[in-house]
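Chain by chain, the residues:
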Amino acid sequence: QVQLVESGGGLVQPGGSLRLSCAASGSTVNILSMAWYRQAPGKQRELVASIPSGGDANYADSVKGRFTISRDNAKNTVSLQMNSLKPEDTARYYCQVVMGGGPLKAYWGQGTQVTVSS
């Protein structure tokens, strides 16, 4: 089992920045990819950014050039630096990890709310 705890959400004005962090604990030996998803009210959950173990990051077109995902394999953490935030970035952001070492399994955090508003 893997437990994920997110932090760093909040209220920010348009054009502002926030940094989200997610810490994984438990059976973290075989973490393959780490990612951030978001879900706005009335919309489906969507991938924001992902970063595989030892690979290049992948971003949704809507956040390219504004968001940066990074991971610390030694600490089992993944972060999302969000700059130039827009009202349409308002959503609940979820951390996800995909575990290997057998059948692939995804784990989710509880989410952290990001609200971009003046």
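Along each chain, the written sequence defines residue order, and numbers are assigned to residues from 1. In keeping with the model being predicted, local features are shown solely for residues with a pLDDT of at least 70 and side-chain atom pairs are shown and tallied solely at 80 or more, while totals for entire chains, interfaces and linings include all residues. Just so you know, side-chain values use all the structure's heavy atoms and leave hydrogens and water out.

Here we look at the side chain of arginine 71
Argument step 1. Numbering of helices and strands starts at the N terminus; helices are DSSP runs of H or I of at least 4 residues and strands are runs of E of at least 2. Tracing the backbone shows arginine 71 in strand S7 (residues 67-72).
Argument step 2. Buried residues are those whose accessible area, probed at 1.4 Å on protein chains only, stays under 20% of the maximum for their type, while exposed residues exceed 50% and partly exposed ones sit between those limits. Counted as positive: Lys and Arg. Counted as negative: Asp and Glu. His and the chain ends are not counted at all. The working definition used for a salt bridge is a side-chain nitrogen of Lys or Arg within 4 Å of a carboxyl oxygen of Asp or Glu. For arginine 71, which is buried and forms no salt bridge, the nearest opposite charge comes from aspartate 72, at a distance of 8.3 Å.
Argument step 3. Reaching out from arginine 71, the side chain makes a polar contact with the backbone oxygen of leucine 32 at a distance of 3.0 Å.
Argument step 4. By definition, residues are in contact when any of their heavy atoms lie within 4.5 Å. Beyond its immediate chain neighbours, meaning those up to four positions away, arginine 71 contacts Ile31, Leu32, Ser33, Met34, Ile51, Pro52, Ser53, Thr77 and Val78. As used in this structure description, the phrase polar contact means that two N or O atoms lie within 3.5 Å; if the pair is within protein, one of them must be able to donate a hydrogen and the other to accept it, and residues adjacent in sequence are counted only when both atoms belong to side chains.

Observations concerning the state of the cysteines
Argument step 1. When two cysteine sulfur atoms lie within 2.5 Å, the pair is treated as a disulfide. For the coordinates displayed, the defined rule picks out one disulfide.
Argument step 2. Disulfide pairing places cysteine 22 opposite cysteine 95 at an S-S distance of 2.1 Å. Measuring handedness by torsion sign, the sulfur bridge of cysteine 22 and cysteine 95 sits at about -80 degrees and is left-handed. One end of the pair, cysteine 22, is in strand S3 (residues 18-26); the other, cysteine 95, is in strand S9 (residues 91-99), with 73 residues separating them in the sequence. No difference in accessibility class separates cysteine 22 from cysteine 95, as the two residues are buried.

Quick look at unusual backbone geometry
Argument step 1. Within the chain, asparagine 76 stands out as a residue other than glycine whose phi angle is a positive 55 degrees.
Argument step 2. Structurally, asparagine 76 can be placed in the loop between S7 and strand S8 (77-82).
Argument step 3. On the basis of relative accessible area, asparagine 76 is assigned to the buried category, the value being 17%.

Things to note about the pattern of salt bridges
Argument step 1. Here the structure, examined in full by the defined rule, presents four salt bridges.
Argument step 2. With a closest N to O distance of 3.1 Å, aspartate 61 and lysine 64 form a salt bridge.
Argument step 3. Where aspartate 89 meets arginine 66, a salt bridge forms, and the shortest distance between an N and an O atom there is 2.8 Å. A residue pair is termed long-range when its members are at least 10 positions apart, and aspartate 89 in the loop between S8 and S9 and arginine 66 in the loop between strand S6 (58-59) and S7 qualify at 23 residues. Accessibility classification places aspartate 89 together with arginine 66 in one group, the buried group.
Argument step 4. When salt bridges with common partners are traced through the structure, they connect Arg38, Glu46, Arg66 and Asp89 into a single cluster.

What about the sheet that holds S3?
Strands in a sheet are paired, the pairing made by backbone hydrogen bonds, and the direction either parallel or antiparallel.
Argument step 1. The pairing criterion for strands is at least two bridges between them, as found by DSSP. With antiparallel pairing, the four strands of this open sheet are ordered in space as S1-S3-S8-S7. A strand with exactly one partner marks an edge of an open sheet, and here the two such strands are strand S1 (2-7) and S7. Here the strands of the sheet are splayed against their neighbours by 15 degrees on average, with no regard to which way each runs.
Argument step 2. Taken together, the six bridges between S3 and S8 define a ladder with antiparallel strand orientation. Considered in S8, the bridge of cysteine 22 is made with valine 78. Geometry is summarised by axes, namely lines fitted to C-alpha atoms with helices restricted to the contacting stretch, and by angles between N-to-C directions that run from 0 to 180 degrees.

Fair warning: the whole summary comes from geometry, so function is off the table for now.
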